[in-house]
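Here are the chains, one letter per residue:
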Amino acid sequence: MRRLTIGVSYIGYLGLYKDSERKTYYQTQGIGGECGWQLFKAKKDGTFWDKGDEIDIRARYGHSIGGGDLKYDLYDAAIIYRYMRSVIDLSLAVGYRFINSHSSEVRNHSNVYLGIGIGI
């Protein structure tokens, strides 16, 4: 059975940068919404996976809130491998994130990332 997930997330953003030999940072908070879809769930043990392992995709949008240093819109897409076990669940994500800055001091930026998660 395919599975759709919908969620809300809090985003704590800390941006470090160096400008003319001066190191400083921007800090702000945001709130976001996300939607995910289960692409694959192993029904039996195989060569590369065990029963219960999953592969999901996720898309997220976030927006800055409050009076933080940086105003932005965040767009994120990832593919996630979930290594499901009875005691501990591990996840490995590879994704792409684009941040559309609404502050004149910080330009738009994007990056590819690797994420690791542990569930108990």
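You'll find the structure just up there.
Reference entry: report on the structure contained in this document. Keep in mind it's a predicted model, so treat the numbers as computed, not measured. (Residues numbered from 1 in each chain as written. Predicted model: local features only at pLDDT ≥ 70, side-chain atom pairs only at ≥ 80, totals over all residues. Heavy atoms only, no water.)

Some words on the pairing of strand β5 (residues 89-101)
Okay, so step 1: Where strand β4 (residues 72-83) lies against β5, 12 bridges are found, and the strand directions are antiparallel. Residue pairing in the sheet places Ala77 in a bridge with Tyr96 of β5. (Pairing = 2+ DSSP bridges. Helix = DSSP H or I, 4+ residues; strand = E, 2+ residues; numbered from the N terminus.)

Some thoughts on the packing of aromatic side chains
Okay, so step 1: All chains considered together, the criterion is met by 3 aromatic pairs.
Okay, so step 2: With 5.6 Å between their ring centres and 35° between their planes, Tyr13 and Tyr72 make a pair best called tilted. On the criterion of sequence distance, the pair formed by Tyr13 in strand β1 (residues 4-19) and Tyr72 in strand β4 is long-range, its members being 59 residues apart.
Okay, so step 3: With a centroid separation of 5.4 Å and 50° between ring planes, the pair formed by Tyr61 and Tyr75 is classed as tilted. Linking Tyr61 in strand β3 (residues 54-65) with Tyr75 in strand β4, this pair joins segments that are 14 residues apart in sequence.
Okay, so step 4: Aromatic rings pair up to connect Tyr61, Tyr75 and Phe98 into one cluster. (Phe/Tyr/Trp six-rings, centres within 6.5 Å; stacked < 30°, edge-to-face > 60°.)

Side note on the nonpolar core
For soluble globular proteins, the rule of thumb is that nonpolar side chains tend to be buried together.
Okay, so step 1: Of all hydrophobic cores here, the largest spans 8 residues; its members are Ile11, Tyr13, Tyr26, Leu70, Tyr72, Leu74, Ile99 and Val106.
Okay, so step 2: Sequence-distant contacts of Ile99, that is, excluding residues within four places in its chain, are made with Tyr13, Tyr72, Asp73, Leu74, Asn108 and His109. (Core = buried A, V, L, I, M, F, W, Y, C linked by side-chain atoms within 4.5 Å. Buried < 20%, exposed > 50% of the residue type's maximum accessible area, 1.4 Å probe, protein only. Contact = heavy atoms within 4.5 Å.)

Here we look at the pattern of salt bridges
Okay, so step 1: Inspection of every chain in the model, using the stated rule, returns 8 salt bridges.
Okay, so step 2: A salt bridge links Arg97 to Asp76; its shortest N-O distance comes to 2.7 Å. Of the two residues, Arg97 sits in strand β5 while Asp76 sits in strand β4, which places them 21 residues apart along the sequence.
Okay, so step 3: You can call Asp76 buried: its relative accessible area is 5%.
Okay, so step 4: Through salt bridges that share partners, Arg3, Lys41, Glu54, Asp56 and Arg82 make up one connected network. (Salt bridge = Lys/Arg side-chain N within 4 Å of Asp/Glu carboxyl O.)

Some thoughts on the pairing of β1
Okay, so step 1: With 16 bridges connecting them, β1 and strand β2 (residues 22-41) associate as antiparallel partners. Along β2, the bridge assignment pairs Gly12 with Gln29.
Okay, so step 2: The antiparallel hairpin formed by β1 and β2 contains 2 residues in its connecting segment, where Ser20 sits at a positive phi of about 50°.

Digging into the sheet that holds β1
Okay, so step 1: Strand order across the open sheet formed by 6 strands is β1-β2-β3-β4-β5-β6, with antiparallel pairing between neighbours. At either end of the open sheet lies a strand with only one pairing partner, and these are β1 and β6 (109-119). Across the sheet, the mean angle from the axis of one strand to that of its neighbour is 25°, orientation sign disregarded. (Axes fitted to C-alpha atoms, helices over the stretch in contact; angles between N-to-C directions.)

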